[in-house]
Amino acid sequence: MSFGKRTEAPMTISIRQIHPVFVGEVTGADLTRPMTETERAAIDAGMDRYAVLVFRDQNITDDQQMAFTLNFGALEVARGGNITKPHELRLKQGMIDVSNLDKEGKPLERSDRRRMFNLGNRLWHSDSSFRAIPAKYSILSARSIASEGGNTEFADMRAAYDTLDDKSRAMIEDMVCEHSLIYSRGSMGFAELTDDEKAMMRPVRQRLVRTHPVTGRKSLYLSSHAGNIVGWLVPESRDFLRDLNEHATQRELVYVHRWRQYDLVIWDNRQTMHRVRRFDESQPRDMRRTTVAGEAMTVEQAVAA
Ligand SMILES: [Fe+2]
């Protein structure tokens, strides 16, 4: 044995399913340290199987969170996903601020435009489905939590697909939807956007049925950002998508995550939807996200990305 080297035995990662349909809780991982290839592969395989993984007691820094994220692909560049201006950013590039805080660490004013925009996260969605190449994983770290409320709920879109009847599955097989922040925020009554913001939020096309590249399982690719089905009239699109969303988020297919400080949750945006619930916004709720970029478009785009 030589001094200065790690002498602890390597930890073994194990995953236990904590919901009847999906979601695993991981033990034996320390995310403040670099992962071994064996650990990385175990987590990746867990993601393919459970679609959402929960880690407890991970008091990590932003750099550690970004390093952990890079195990699973490239960091998604946050450009174009919100209305926060560069000088208002609280966190460094690569970190996505999903807290309720301003740059000084104070809760945003009730009428703050950023707060109005962020309220859209309370709608069921898949992160970055409004991007031509949508996100793979999202990784959310709870640095501080509200004393009450603020649960994040997840719905399994593979189970949602599997539980559709044959006729519906055949009907939607090749359907393509248009996704945009304009639709999700518009449905909340937030429609005052500058021309630049509207240009940034130009709709992109996404297949409604996705096939997982590793497991081959099909899933519904729904999101509050989806506001139209290509070739359909808008009201009939919305009616149909509303029905599908209702089916996909039935209670049996939903896991409710009750946050503890230093929880870290990873979810696969290709296989799940999520939403955050209300909480007391006078308290700081410091949640920090990193995002693993997706690898491909789900369908060819009508316009350049
Ligand atoms: Fe989200």
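A brief look at the structure comes next. (Residues numbered from 1 in each chain as written. Predicted model: local features only at pLDDT ≥ 70, side-chain atom pairs only at ≥ 80, totals over all residues. Heavy atoms only, no water.)

Along the chain, the regular secondary structure elements total 8 helices and 15 strands. Projected onto its principal axes, the C-alpha coordinates of the chain cover approximately 70 × 45 × 40 Å. Considering only residue pairs separated by 6 or more positions, the chain has 83% of its internal contacts joining residues 24 or more positions apart. Side-chain charges of the chain comprise 44 positive and 43 negative groups, with the mean position of each set lying 1 Å from the other. (Helix = DSSP H or I, 4+ residues; strand = E, 2+ residues; numbered from the N terminus. Contact = heavy atoms within 4.5 Å. Lys, Arg positive; Asp, Glu negative; His and termini not counted. Charge placed at Lys NZ, Arg CZ, Asp CG, Glu CD.)

With that out of the way, let us pick up unusual backbone geometry. In the Ramachandran plot, Asp-57 falls in the positive-phi region, its phi being about 55 degrees despite a non-glycine side chain. Looking at the secondary structure, you find Asp-57 in the loop between strand S3 (52–55) and helix H2 (62–69). Its identity is not glycine, yet Ser-128 carries a phi of approximately 65 degrees, on the positive side. If you trace the backbone, Ser-128 turns up in the loop between helix H3 (113–118) and strand S5 (137–144). Take Ser-128: its relative accessible area is 2%, and that puts it in the buried class. (Buried < 20%, exposed > 50% of the residue type's maximum accessible area, 1.4 Å probe, protein only.)

Another aspect to go through is the pairing of strand S15 (residues 286–291). Burial within S15 is extensive, with 6 of its 6 residues counted as buried. Across the two faces of S15 the burial is the same, with Asp-286, Arg-288 and Thr-290 and Met-287, Arg-289 and Thr-291 all buried. As paired elements, S5 and S15 share 6 bridges and run antiparallel to each other. Each residue of the ladder has a partner; that of Ser-141, found in S15, is Arg-288. (Pairing = 2+ DSSP bridges.)

Those donors, His-125 (NE2), Asp-127 (OD) and His-274 (NE2), are the protein atoms that reach the iron ion, and they lie 2.1 to 2.2 Å from it. Donor residues for the iron ion sit on one chain with the sequence pattern H-x1-D-x146-H. Within this pair, whereas Asp-127 is found in the loop between H3 and S5, its partner His-274 is found in strand S14 (residues 272–276), the two being separated by 147 residues in sequence. (Donors = N, O, S within 2.8 Å, 3.2 Å for Na, K, Ca; no water.)

The next thing to look at is the nonpolar core. Core analysis: the biggest nonpolar cluster contains 24 residues, and Met-157, Ile-172, Leu-208, Leu-220, Leu-222 and Leu-244 have the highest contact counts within it. Going through the elements one at a time, helix H4 (157–162), strand S11 (226–229), helix H8 (234–248) and strand S12 (254–257) are the ones with two or more residues in this core. Within the second largest apolar cluster, 18 residues are counted, among which are Ala-29, Ile-43, Ile-266 and Val-292. (Core = buried A, V, L, I, M, F, W, Y, C linked by side-chain atoms within 4.5 Å.)

Let us look at a negative patch on the surface. Taken together, the side chains of Glu-236, Asp-239, Asp-243 and Glu-246 make up a negatively charged region of the molecular surface. Turning to its location among the elements, Glu-236 is positioned in helix H8. (Patch = residues over 30% accessible without salt bridge, like charges linked within 9 Å, V, L, I, M, F, W, Y side chains within 5 Å. Areas by Shrake-Rupley, 256 points an atom, 1.4 Å probe, with all protein chains shown as cover. Salt bridge = Lys/Arg side-chain N within 4 Å of Asp/Glu carboxyl O.)

Our next topic: the pattern of salt bridges. For the structure on display, the rule yields 28 salt bridges. Ionic pairing is found between Asp-268 and Arg-270, a salt bridge with its closest N-O pair at 3.0 Å. When sorted by exposure, Asp-268 lands in the same class as Arg-270, which is buried. Via salt bridges that share partners, Asp-62, Arg-90, Asp-97, Arg-143, Asp-286 and Arg-288 belong to a single interconnected network.

Spatial ordering of the open sheet is given by S8-S7-S11, a layout of 3 strands whose pairing is antiparallel. Single-partner strands in this sheet number two, and they are strand S8 (204–207) and S11. Taken pair by pair, the neighbouring strands of this sheet meet at an average axis angle of 40 degrees, ignoring direction. Looking at chain direction, strand S7 (residues 176–179) and S8 are connected through 4 bridges and run antiparallel. From the neighbouring strand, Glu-178 faces S8, where its bridge partner is Arg-205. Packing of H8 onto the sheet brings it into contact with S7 and S11, and relative to S11 it is tilted by some 120 degrees. (Axes fitted to C-alpha atoms, helices over the stretch in contact; angles between N-to-C directions.)

So, about the sheet that holds strand S4 (residues 96–97). Ordered by their spatial adjacency, 7 strands build an open sheet running S1-S2-S3-S13-S5-S15-S4, and the pairing between neighbours is mixed. Both outer strands of the open sheet, strand S1 (14–17) and S4, are each paired with one neighbouring strand and no more. Note: strand S2 (residues 24–27) against S3, 3 bridges, orientation parallel. Residue pairing across strands places Val-26 opposite Phe-55, the latter belonging to S3. In this fold helix H1 (residues 37–50) packs onto S1, S2, S3, S5 and strand S13 (264–268), with an angle of close to 130 degrees to the strand it touches most, S3.

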